Amino acid sequence: ETGVTQSPTHLIKTRGQQVTLRCSSQSGHNTVSWYQQALGQGPQFIFQYYREEENGRGNFPPRFSGLQFPNYSSELNVNALELDDSALYLCASSPGRANTEAFFGQGTRLTVV
Amino acid sequence: AQSVTQPDIHITVSEGASLELRCNYSYGATPYLFWYVQSPGQGLQLLLKYFSGDTLVQGIKGFEAEFKRSQSSFNLRKPSVHWSDAAEYFCAVGASSRDNYGQNFVFGPGTRLSVLP
């Protein structure tokens, strides 16, 4: 157990809808990163939050957005869902924004139909 | 830009046999290198990491990896594979400088390991 929890574990959405995924970071960690893992591929970096501010972003469109709260938990929001958004979404928490160590949650499996 | 390649998509070994999973990276400076394992439907678990120093690093579950700068490689090895090692293995590279804010992992495509009884 890493202490990083994600919810929900699975969900199904319809194309065009919006979705919010949640992540509780490990105690003492102030940095949260989100990754998208399509079936059969490695995870791809979406963005990172450090102390409630976006601190880096990968090659994802603006309809992927996020938040980090004062307790360092985080949300990933995806608007106007597309079929290709179907993937496992992973959250990772770190003790700092330097890339020394990250602990991953179990992920949220999103299916868009 | 950083990139990671894992040339083997799928490897099958017999239980008790040795294992080597290949990883090559592209990065301008000295990289931070990682190996993660993912069981079906699960998140990622860190096996080992290399930051600096001794180029042979030991990890959990009997795994080790060797950093070879001249070959831009960070291959994962295990002398004797157990059936429970069947999983997906990902090599990843991260930034080496603490001044590079907003850093993250760049993962390879993964190697799926199957273990025959």
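Here the structure is shown first, and the text comes after it.
Here goes a summary of the coordinates provided. What you are looking at is a predicted structure, and each value in this text was computed from that prediction instead of being measured.

Rules and cut-offs
Residues numbered from 1 in each chain as written. Chains lettered and ligands numbered in written order. Predicted model: local features only at pLDDT ≥ 70, side-chain atom pairs only at ≥ 80, totals over all residues. Heavy atoms only, no water. Pairing = 2+ DSSP bridges. Helix = DSSP H or I, 4+ residues; strand = E, 2+ residues; numbered from the N terminus. Axes fitted to C-alpha atoms, helices over the stretch in contact; angles between N-to-C directions. Salt bridge = Lys/Arg side-chain N within 4 Å of Asp/Glu carboxyl O. Buried < 20%, exposed > 50% of the residue type's maximum accessible area, 1.4 Å probe, protein only. Disulfide = S-S within 2.5 Å.

## Focus: the sheet that holds strand 3 (residues 19-24) of chain A
All names here are of chain A. Ordered in space as 1-3-8-7, the four strands form an open sheet in which the pairing is antiparallel. The open sheet has two edge strands, strand 1 (5-7) and strand 7 (64-68), and neither has a second partner. Taking the axes of each pair of neighbouring strands and ignoring which way they run, one obtains an average angle of 20° across the sheet.

## Focus on unusual backbone geometry
All names here are of chain A. The omega angle of the peptide bond from Ser 7 to Pro 8 is -10°, so this bond is cis rather than trans. Take Pro 8: it is sitting in the loop between strand 1 and strand 2 (10-13). Unusually for a residue other than glycine, Tyr 72 sits at a positive phi of about 75°. Looking at the element boundaries, Tyr 72 is found in the loop between strand 7 and strand 8 (74-78).

## Structural notes on the pattern of salt bridges
Evaluation of the coordinates by the stated rule reveals eight salt bridges over all chains. Ionic pairing is found between Glu66(B) and Arg77(B), a salt bridge with its closest N-O pair at 3.2 Å. Taken as a pair, Glu66(B) in strand 8 (residues 64-68) and Arg77(B) in strand 9 (residues 73-78) lie far apart in primary sequence, eleven residues in all. For Glu66(B), a relative accessible area of 23% gives the class partly exposed. Among the residues examined, Arg77(B) registers a relative accessible area of 24% and is labelled partly exposed. Taken together, the shared-partner salt bridges connect Arg63(A), Glu82(A) and Asp85(A) into one network.

## Considerations on the pairing of strand 12 (residues 111-116) of chain B
Examined bridge by bridge, strand 2 (residues 10-14) of chain B and strand 12 of chain B share five bridges and lie parallel to one another. By the bridge assignment for strand 12 of chain B, Ile11(B) is matched with Leu113(B).

## Thoughts on the state of the cysteines
Residue and element names in this part refer to chain A. In total, this model carries two disulfides over all chains according to the counting rule given. Paired through a disulfide, Cys 23 and Cys 91 show a sulfur-sulfur distance of 1.8 Å. Given an S-S torsion of about -60°, the disulfide between Cys 23 and Cys 91 has left-handed geometry. Residue Cys 23 is located in strand 3, and its partner Cys 91 is located in strand 9 (residues 87-94); the two are separated by 68 residues in the primary sequence. As far as the burial class goes, Cys 23 and Cys 91 line up, both buried.

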